[in-house]
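Observations on chain architecture
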Amino acid sequence: TINIEPEQIITLTSSTTTLNQEVCDNTAIDQVVFELGGNATGFTGLNWIGTQPGGILQPSLSASNTITISGTISTGVTTTTTYQYSITTSGNYCGSTTVTGTITVLPNHYIAFETAAPNDQTVCDLSAIEPINFDLSGGATGFTIDWTPSNPGISVVMSSTSSISFTMSGTVNSSGITQTTSYTYVISTLGNTCDVGTASITGEITIIPQLVINVDT
């Protein structure tokens, strides 16, 4: 008698897009679900090829013979990074079967003043502010700046040595003010779709009006 045993089988039962997926850092991945069949009775665990990202749970075999990869990925990457994983079946006969997939993590936006940047300043009208330097990183590739109530004459220039470093400078010109006035700015990042709403920095330029002497004749 010749008994022919089935192979160890592992089949992706979730959407085909889940096997190799792209997500923003600090977000939940789409669940990756496999089903065991044939002579596969278990698996050797979720194995990462190279660096292991944080937040992805080690799956177990369910009563329905399925394996589910899930979790909220957390890496802190500042560039797009791909993590490769594999699952290998175990059983009694016919050798194991391995499936592989990838999770590509897009970085969140980051923006920060340089250490010595005086983001809040008080200056006299028609005087130059001390330069304010800030840097972008991660998924941030550009920015917008909003002033309240208006821009008092400050410009932003990109560094000649780095496309992610910028300097705010200029001579304030708020002619017409008769009392000390504060101008608040908010710099928000532009770039990929990850965590855009939380990446911003703020500061305030307070301007003291010039003295005016009125001479009655």
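Located above this text is the structure these notes cover.
What counts, and at which threshold
Residues numbered from 1 in each chain as written. Predicted model: local features only at pLDDT ≥ 70, side-chain atom pairs only at ≥ 80, totals over all residues. Heavy atoms only, no water. Buried < 20%, exposed > 50% of the residue type's maximum accessible area, 1.4 Å probe, protein only. Helix = DSSP H or I, 4+ residues; strand = E, 2+ residues; numbered from the N terminus. Pairing = 2+ DSSP bridges. Disulfide = S-S within 2.5 Å. Phe/Tyr/Trp six-rings, centres within 6.5 Å; stacked < 30°, edge-to-face > 60°. Axes fitted to C-alpha atoms, helices over the stretch in contact; angles between N-to-C directions. Core = buried A, V, L, I, M, F, W, Y, C linked by side-chain atoms within 4.5 Å. Contact = heavy atoms within 4.5 Å.

Things to note about the pairing of strand β11 (residues 120-124)
- By the alternation rule, side chains of β11 split into Gln 121 and Val 123, which are all buried, and Asp 120, Thr 122 and Cys 124, of which none is buried.
- By the bridge criterion, 5 bridges tie β11 to strand β17 (residues 200-208) in an arrangement that is parallel. Across the sheet, residue Val 123 finds its bridge partner in β17, namely Ile 207.

Observations regarding the state of the cysteines
- Scanning all chains against the criterion turns up 1 disulfide.
- With its sulfur 2.0 Å from that of its partner, Cys 24 forms a disulfide with Cys 194. Judged by the sign of its S-S torsion, about -80 degrees, the cystine formed by Cys 24 and Cys 194 is left-handed. Within this pair, whereas Cys 24 is found in strand β2 (residues 20-24), its partner Cys 194 is found in the loop between β16 (181-191) and β17, the two being separated by 170 residues in sequence. Accessibility classification places Cys 24 together with Cys 194 in one group, the buried group.

A few points about the packing of aromatic side chains
- For the coordinates displayed, the defined rule picks out 5 aromatic pairs.
- Pairing Trp 48 with Tyr 85 gives two aromatic rings, centres 5.8 Å apart and planes at 70 degrees, and the pair type is edge-to-face. On the criterion of sequence distance, the pair formed by Trp 48 in strand β4 (residues 40-49) and Tyr 85 in strand β8 (residues 81-91) is long-range, its members being 37 residues apart.
- Residue classification places Trp 48 among the buried positions, given a relative accessible area of 14%.
- The class of Tyr 85 is buried, set by a relative accessible area of 1%.
- On the basis of an interplanar angle of 70 degrees and a centroid distance of 4.9 Å, the ring pair of Phe 143 and Phe 166 is categorised as edge-to-face. You can see Phe 143 sitting in strand β13 (residues 140-148) and its partner Phe 166 sitting in strand β15 (residues 165-169), a full 23 residues away along the chain.
- You can call Phe 143 partly exposed: its relative accessible area is 21%.
- One aromatic cluster is present, formed by Phe 134, Phe 143 and Phe 166 through successive ring pairs.

Considering the sheet that holds β16
- Strand order in the open sheet formed by 4 strands is β11-β17-β16-β13, and the pairing between neighbours is mixed. Unpaired on one side and paired on the other, β11 and β13 mark the two borders of the sheet. Going from strand to strand, the sheet's axes swing by 20 degrees on average, the running direction of each strand aside.
- Sheet topology note: the β16/β17 ladder contains 8 bridges and is antiparallel. Note that in β17 the partner of Tyr 185 across the bridge is Gly 203.

Concerning the nonpolar core
- Counting 21 residues, the largest nonpolar core has Phe 34, Ile 69, Ile 87 and Ile 103 as the members making the most contacts within it.
- Elements that contribute at least two residues to this core include exactly β3 (32-38), β4, β6 (66-69), β8 and β9 (98-106).
- In terms of residue count, β4 provides more of this core than any other element does, 4 residues in total.
- In contact with Ile 103, not counting residues within four places along its chain, are Gln 21, Val 23, Ile 29, Trp 48, Ile 73, Thr 81, Thr 82, Tyr 83 and Tyr 85.
- Membership of the second largest hydrophobic core comes to 20 residues, among which are Ile 111, Val 172, Tyr 185 and Ile 187.

These values are about where atoms sit, not about what they do.
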